[in-house]
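Here are the chains, one letter per residue:
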Amino acid sequence: MNRNRRISAAAALTLAALVSGTGAGSAATTAPAATSSVASSVASSATSSATHAFDAVPAAATAPTPTFHGALPAPTGPYAAGESVLHLTDADRPDPWVPSSGPRRLTVTMLYPAAPGTGTPAPYMTLAEAAGVLERRKLPASAGVTPQNLSAVTTHAFDGARPKGGKHPLVLLSPAYEDPRMTLTSLATDLASHGYVVALVGHTYEDNGETLADGRTPSCVICDDPTLSMDTVTASRALDVSFVIDRLTHGDTAWRLAHLIDRHAIGMAGHSLGGAAAATTMTADPRIRAGVNMDGSFHPTPLPGRIDRPFLMLGTAADDHAAGGEWEQAWDALGGYRKWLTVTGADHFSFSDLDLLLEQAGFPSSALSPERGVALTRAYVTAFFDRALKGIDSPLLDGPSPDDPEVLFQH
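Caption draft 1: Structural view of the environment of Asp353. Tracing the backbone through its elements, the reader meets Asp353 in the loop between strand 10 (338-343) and helix 10 (354-360). Look past the residues within four positions of Asp353 in its chain and what remains in contact with it is Leu72, Tyr124, Met182, Thr183, Leu184, Thr185 and Ser186.

Below is the structure:
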């Protein structure tokens, strides 16, 4: 079992812990039948792959049920973060996982630099999206987290906020395998506050948390297919992302604020399999000028000469990230400006919202505090895109910092 598939099993349980509880809220609509290549249903290995977060679940079940109040950290930039949600249809491409459902449909959350004090607080996710993850994995209600209070997590993003004028680089974000797009919200809002337009891309049928334009929230049809190649998934995500770029930057654009985007300054970052997808997309689409892989195995490992633009590898000290491992092979293949950073004490979910929300729900955290994990992720990803897309150098990328002793420069 490869690293991304092992991690995805743990990730499914992790997010399930957050939405276990009363089970209230709209149940996710069952997806149409998948093609034979992804339709096989097998017993999940997620339980054996569970992370530290679940060690305390049995003991917690005997304690009084707490009430969960989740909050992401406030953005650190000078702007507020505006938000809007797009529903896009690629009429030229059948859905790769469920062709019988028709053309590929995607849900994308757009975040952008905005004027403070405008708009209304944006929910973390819809009730149907939270209930969709609950449908995927059911755990005891001991954490006191329900679809209602999960959807009400404070995001510091504001629906309909007045945009900051001018042109801004576009960064597309792709989540981990089986994780919905919202798990990268804290990074997205911070990038928006520093002057970026951000597209959080939901990859339909690859998790249980993407509500489509027709109100359906399909289940994950590829999650339990042990034969599925991760190379196939990243290739599909690359097509998703290129289509989103098309709809945001060409012709009759799909977003009313598309005029904010500098189409000549586009980057992509992803967590876990989303990080692998960033590399795959850069190989296929030269419009992406910079990429970030946050703790993901590469599927496939880039070939020499295929990525000659800036690339950041940011992750844990996992075996495949060590000298001589898969990340070393990827590093050797990169031809442009490149950085390889590991974070001492981090776990796989330190680079998304999950560790932070689990801690707020009362679960044990990693050796690196979740708050610190979010702060470091935001700081180094923003510094990298500032250099690659805005031409602004940051001392953070010059070498080890006494203020960030956890961050190790591998090369």
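Caption draft 2: Representation of helix 7 (residues 230-249). An ideal rise of 1.5 Å per residue puts 28 Å on 20 residues; helix 7 measures up with 29 Å between its terminal C-alpha atoms. Remark: Gly251 follows helix 7 within two positions and exhibits a positive phi of approximately 60 degrees.

Caption draft 3: The packing of helix 7 against helix 8 (residues 273-284), seen in detail. The geometry of helix 7 relative to helix 8 is characterised by a closest axis approach of 8 Å and an angle of 65 degrees between their N-to-C directions. Between helix 7 and helix 8, the interaxial angle falls into the category roughly perpendicular. Two packed elements cross with a definite hand, and for helix 7 against helix 8 that hand is right-handed. On the side of helix 7, the interface is formed by Met230, Val233, Thr234, Ala235, Arg237, Ala238, Val241 and Ser242, while helix 8 contributes Leu273, Gly274, Ala276, Ala277, Thr280 and Thr281. Taken together, the residues of the contact of helix 7 with helix 8 sort by class into 8 nonpolar, 5 polar and 1 charged.

Caption draft 4: Looking closely at the pairing of strand 5 (residues 168-174). Counted residue by residue, strand 5 has 7 buried out of 7 residues, so it is predominantly covered. Where strand 5 and strand 7 (residues 261-271) come together, 7 bridges link them in parallel fashion. When the bridges of strand 7 are listed, Ser174 appears paired with Gly270. Pairing analysis gives 4 bridges linking strand 5 to strand 6 (residues 197-202), with the strands arranged parallel. By the bridge assignment for strand 6, Leu172 is matched with Ala199.

Caption draft 5: Molecular detail of the state of the cysteines. The final tally for this structure, using the stated rule, is 1 disulfide. Shown here is the disulfide that connects Cys220 with Cys223, its sulfur atoms set 1.9 Å apart. The disulfide joining Cys220 to Cys223 has a torsion of about 95 degrees about its S-S bond and is therefore right-handed. Taken individually, Cys220 and Cys223 each receive the classification buried, so the pair is uniform in this respect.

Caption draft 6: Main features of the nonpolar core. In terms of nonpolar packing, the biggest core is built from 40 residues, with Leu172, Leu248 and Trp255 touching the most fellow members. With sequence-adjacent residues up to four places away left out, Leu248 is seen in contact with Leu86, Met110, Leu170, Ala199, Thr253, Trp255, Ala258 and Ile261. Counting residues in hydrophobic clusters, the runner-up holds 37 residues, among them Leu184, Ala188, Ala192 and Phe385.

Caption draft 7: Summary view of the environment of His259. Its location among the elements puts His259 in the loop between helix 7 and strand 7. With 10 residues separating them along the chain, His259 and Thr249 place their C-alpha atoms 8.4 Å apart.

Caption draft 8: Representation of the side chain of Thr217. If you trace the backbone, Thr217 turns up in the loop between strand 6 and helix 7. Within the structure, Thr217 has its side chain in polar contact with the side chain of Thr211 (distance 2.8 Å).

Caption draft 9: Local environment of the pairing of strand 8 (residues 288-294). Here strand 8 lies mainly inside the structure; 6 of its 7 residues are buried. Of the strand pairs in this sheet, strand 7 and strand 8 are connected by 6 bridges, and their pairing is parallel. Residue pairing in the sheet places His271 in a bridge with Met294 of strand 8. Bridge count between strand 8 and strand 9 (residues 311-315): 4 bridges; the pairing is parallel. Within strand 9, the position partnered with Val292 by the bridge is Leu312.

About the thresholds
Residues numbered from 1 in each chain as written. Predicted model: local features only at pLDDT ≥ 70, side-chain atom pairs only at ≥ 80, totals over all residues. Heavy atoms only, no water. Helix = DSSP H or I, 4+ residues; strand = E, 2+ residues; numbered from the N terminus. Contact = heavy atoms within 4.5 Å. Expected span 1.5 Å × (residues − 1). Axes fitted to C-alpha atoms, helices over the stretch in contact; angles between N-to-C directions. Parallel < 35°, antiparallel > 145°, perpendicular 65-115°, else oblique. Left-handed = near helix turned anticlockwise from the far one by under 90°. Nonpolar A, V, L, I, M, F, W, Y, C, P; charged D, E, K, R; others polar. Buried < 20%, exposed > 50% of the residue type's maximum accessible area, 1.4 Å probe, protein only. Pairing = 2+ DSSP bridges. Disulfide = S-S within 2.5 Å. Core = buried A, V, L, I, M, F, W, Y, C linked by side-chain atoms within 4.5 Å. Polar contact = N/O pair within 3.5 Å; in protein donor to acceptor, adjacent residues only side chain to side chain.

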